[in-house]
Amino acid sequence: MDILFKTKKLWKQCNNHKELNKAFGSKRARLIQRRLDEFKAAKTLKDVATLPGPRCHELTGDKTGQLSVDLDHPYRLLFMPANDPVPKKVDGGLDWTRIIRIEILGVKDTHE
């Protein structure tokens, strides 16, 4: 999958091991890098969803349209589909089998 980043700062952090560790600490940095590697290796979002570790899922409420994968509890790596247009199923939900591009939004505790 193609991976975009919401900001240049986030791109820099996620593409430089030292910056990633500085911004998020070594444990979380390793998990972020693992998730990014899983995204890079996947052809579609559905491929990531079938992996046991990431627990990829759609968010609701004010974060509708966004998705997340687990890092260290309670933190998640937030992202959204970046396909134009975003692939949808007949029922209006996201078609994970056709999402081939994502935009990383950041790292957050989604329960706050």
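Small disclaimer: the values here were computed from a predicted structure and weren't measured.

The rules we used
- Residues numbered from 1 in each chain as written.
- Predicted model: local features only at pLDDT ≥ 70, side-chain atom pairs only at ≥ 80, totals over all residues.
- Heavy atoms only, no water.
- Helix = DSSP H or I, 4+ residues; strand = E, 2+ residues; numbered from the N terminus.
- Expected span 1.5 Å × (residues − 1).
- Buried < 20%, exposed > 50% of the residue type's maximum accessible area, 1.4 Å probe, protein only.
- Pairing = 2+ DSSP bridges.
- Disulfide = S-S within 2.5 Å.
- Salt bridge = Lys/Arg side-chain N within 4 Å of Asp/Glu carboxyl O.
- pLDDT = per-residue confidence, 0-100.
- Core = buried A, V, L, I, M, F, W, Y, C linked by side-chain atoms within 4.5 Å.
- Contact = heavy atoms within 4.5 Å.

J.: Any chance you could break down helix H3 (residues 26-41) for me, citing the residues and the numbers?
T.: Taking 1.5 Å of rise per residue, 16 residues should cover 22 Å, and H3 covers 22 Å from first to last C-alpha, within 8% of that figure. Considered for burial, the residues of H3 that qualify are Arg28, Ala29, Leu31, Ile32, Arg35, Leu36, Glu38 and Phe39.

J.: Just give me the short version of the sheet that holds strand E1 (residues 2-5), but keep the residues and values in it.
T.: Ordered in space as E1-E5-E4-E3-E2, the five strands form an open sheet in which the pairing is mixed. Strands at the two margins of the open sheet, each flanked by one partner only, are E1 and strand E2 (57-58). For strand E4 (residues 75-81) and strand E5 (residues 101-109), the ladder comprises seven bridges, and the chain directions are antiparallel. Paired with methionine 80 across the two strands is glutamate 103, which belongs to E5.

J.: Outline the state of the cysteines, supporting the account with residue identities and numerical values.
T.: Scanning all chains against the criterion turns up zero disulfides. In this structure cysteine 14 is not part of a disulfide, and its nearest cysteine sulfur, from cysteine 56, lies 16 Å away.

J.: Describe the pattern of salt bridges, with residues and values.
T.: Across all of its chains, the model carries six salt bridges by this definition. As a salt-bridge pair, aspartate 70 and arginine 55 come within 2.9 Å of each other at their nearest N and O atoms. One end of the pair, aspartate 70, is in strand E3 (residues 67-70); the other, arginine 55, is in the loop between helix H4 (45-49) and E2, with 15 residues separating them in the sequence. Under the relative-accessibility criterion, arginine 55 is labelled partly exposed at 43%. Close ionic contact of aspartate 95 with arginine 98 constitutes a salt bridge, the shortest N to O distance being 2.9 Å.

J.: How would you summarise the confidence of the model for the chain if you had to cite specific residues and measurements?
T.: Per-residue pLDDT for the chain averages 95, and the proportion of residues at 70 or more is 100%. The secondary structure element of the chain with the lowest average pLDDT is E2, at 92, and the one with the highest is E1, at 98.

J.: Describe the nonpolar core, listing the residues and the values that go with them.
T.: Formed by 26 residues in total, the largest nonpolar core has its most connected members in Phe39, Leu45, Phe79 and Ile104. In terms of residue count, the dominant contributor to this core is H3 (five residues). Dropping the residues within four chain positions of it, leucine 45 is found in contact with Met1, Phe39, Cys56, Leu67, Phe79, Trp96 and Ile99.

J.: Help me get a handle on the pairing of E3, residues and values and all.
T.: Side chains Leu67 and Val69 of E3 all project onto a buried face; the interleaved residues Ser68 and Asp70 project onto the opposite face, where all are buried too. Sheet topology places E2 next to E3; two bridges connect them, and they run antiparallel. Bridge pairing links histidine 57 to serine 68 in E3. Between the end of E3 and the start of E4, which pair antiparallel, lie four residues.

J.: Summarise the pairing of E1; cite the residues concerned and give the values.
T.: Here E1 shows a clear split, with Ile3 and Phe5 buried on one side and none of Asp2 and Leu4 buried on the other. Two elements, E1 and E5, share four bridges in a ladder whose sense is parallel. Residue pairing for E5: leucine 4 is matched across the bridge by glutamate 103.

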